[in-house]
Each structure stands twice: as C-alpha cells, then as structure tokens.
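Below are the chains, spelled out letter by letter.
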Amino acid sequence: MKLDPFYLIVDSAAWIDRLVPLGVRLVQLRIKDKDDASLRAEIRQARATCARHGSQLIVNDYWRLAIEEGCDFIHLGQEDLATADVRAIRRAGLKLGLSTHDELELETALFAESDYIALGPIYPTVLKTMKWAPQGLDRIAEWKKRVAPLPLVAIGGLNPERLAGVFGHGADSAAVVTDIVRNADPEARTREWLEATAGWR
C-alpha cells in the first residue's frame, strides 16, 4: 500500500470542505469530545467531500461509526487499540493505521498487522502535551527498517522546511496539523505543502 506523502489532519468536516478541494489526497478526521450524532454527521460530510475530490479519508478513533458510515480507513492510538475490536474492523474491510511512540508500541502495532505505522513526535509539537521526547530523524530510519514494507508516517512538529530530512530518513508520508490549521492563511500553507511534497508523490 502507498500513502500520499502529504497527510493532513483536521478536527472538522468544515476543514475538509475548505482544504481538500485544493488537491489534498489524504486526510484524517480527528475529532474529540462530541456526541455520537454530531460525530456521525461530521464523518458523513467528510466522507462525501473526500469522495467528490478523490481524497482518502481516514477516521480517527471512532471505528464503529466508521464502519456504519461505510468508511474504509481508520486510525487508532494505542489506548484506542486496546479497546477496539480489530476483528470487526477487518471483517468490515477497513484498513488500519496505528500510532507508535516507543518500542513496545511498535511491537504492538506490528502484532496487530496494521496497514501503516505512525511515529511521533519527530520534533517538539504544540498540539498536545506529550510524555515522549522528540524522536528525531534517526528514529525514523530505525522504525522504517522495522516496519518495511509497511508505509511509515512521521508526525509532530513538521513543516515544509523539514520534509527533506523526514523523507530522506525513510518516512513515506508526513502528517501535519498545526502548521496548517493555525497558519494565518491555511489555504496558502496547504498549497505550499502540496508543492513541497510533490517530488515524493
């Protein structure tokens, strides 16, 4: 499986409506603290937009709703994996991505036979408080040797200026949140990311 090198992560279908039409081919919908009805509406809207624009939607966490809404890709953190029914996810035909931050989590992700593995944070990140120190570029190379041929997603503190190092050390895709959604001009920054990742597409 091949992932697009530009992996956008946003927290609403409104962001997907706004940015996917610019040419984003891979986007994760990561929403926290909403009721099921609101989540379902967000997933449904995001799925429709992605379908119209030929973009791959990945739903974060809510695997039951993703199955019910006919989605085909889910991403889980390690805590979510512990309570998820991976067999049900597989029976429904969904692909599965998993987050990793240390050796034990990597072993868990490999045992779960995920379709891609994410490593982070590569650099310091302002998105949320992390108990893990920045992984650095050498850890990307180490992880890639361990997970190949699975795609490796790098996440945490990334920007277009850091992409050469990230891809040069073996990452297949670079995930971004704050560098775009907290930018003064998210559309322009998205175009910068699309241009910066074009050489690895």
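Residues numbered from 1 in each chain as written. Predicted model: local features only at pLDDT ≥ 70, side-chain atom pairs only at ≥ 80, totals over all residues. Heavy atoms only, no water.

**Observations regarding unusual backbone geometry**
Residues apart from glycine generally show negative phi values, whereas peptide bonds are mostly found in trans.
Then, number 1: Cis geometry marks the peptide bond from G120 to P121; its omega dihedral reads -10 degrees.
Then, number 2: The residue P121 is located in the loop between β6 (116-119) and α7 (137-147) in this model.
Then, number 3: Cis geometry is adopted by the peptide bond preceding P149, which originates at A148 and carries an omega value of 10 degrees.
Then, number 4: Residue position: P149 is located in the loop between α7 and β7 (152-155).
Then, number 5: Here D33, not a glycine, exhibits a phi torsion of approximately 60 degrees, which is positive.
Then, number 6: Tracing the sequence through the fold places D33 in the loop between β2 (26-29) and α2 (36-53).
Then, number 7: Taking the relative accessible area as the measure of exposure, D33 reaches 77% and is therefore exposed.
Then, number 8: A positive phi is found at D61, a non-glycine position, where the angle reads about 75 degrees. (Helix = DSSP H or I, 4+ residues; strand = E, 2+ residues; numbered from the N terminus. Buried < 20%, exposed > 50% of the residue type's maximum accessible area, 1.4 Å probe, protein only.)

**Remarks on the sheet that holds strand β5 (residues 95-100)**
Then, number 1: An order of β1-β2-β3-β4-β5-β6-β7-β8 is seen for the 8 strands of this closed barrel, with the pairing classed as parallel. Pairwise comparison of adjacent strand axes, ignoring direction, gives a mean angle of 25 degrees for this sheet.
Then, number 2: Looking at chain direction, β6 and β7 are connected through 3 bridges and run parallel. For A118, the partnering residue across the bridge sits in β7 and is V153. (Pairing = 2+ DSSP bridges. Axes fitted to C-alpha atoms, helices over the stretch in contact; angles between N-to-C directions.)

**Points about the pairing of β5**
Then, number 1: Judged by how many residues are buried, β5 sits mostly within the fold: 5 of 6 residues are covered.
Then, number 2: The pairing of strand β4 (residues 73-76) with β5 spans 4 bridges and is parallel. Pairing of H75 across the sheet is with G97, part of β5.

**Some thoughts on the packing of helix α6 (residues 103-111) against α7**
Then, number 1: Viewed as axis vectors pointing N to C, α6 and α7 meet at an angle of 30 degrees, and their least axial separation amounts to 11 Å. One way to sum up the angle between α6 and α7 is to call them roughly parallel. Of the two possible hands of crossing, α6 and α7 adopt the one that is right-handed. Judged by residue contacts, E103, L106, E107 and L110 of α6 engage E142, W143, R146 and V147 from α7.
Then, number 2: In terms of residue class, the contact of α6 with α7 is made up of 4 nonpolar, no polar and 4 charged. (Parallel < 35°, antiparallel > 145°, perpendicular 65-115°, else oblique. Left-handed = near helix turned anticlockwise from the far one by under 90°. Contact = heavy atoms within 4.5 Å. Nonpolar A, V, L, I, M, F, W, Y, C, P; charged D, E, K, R; others polar.)

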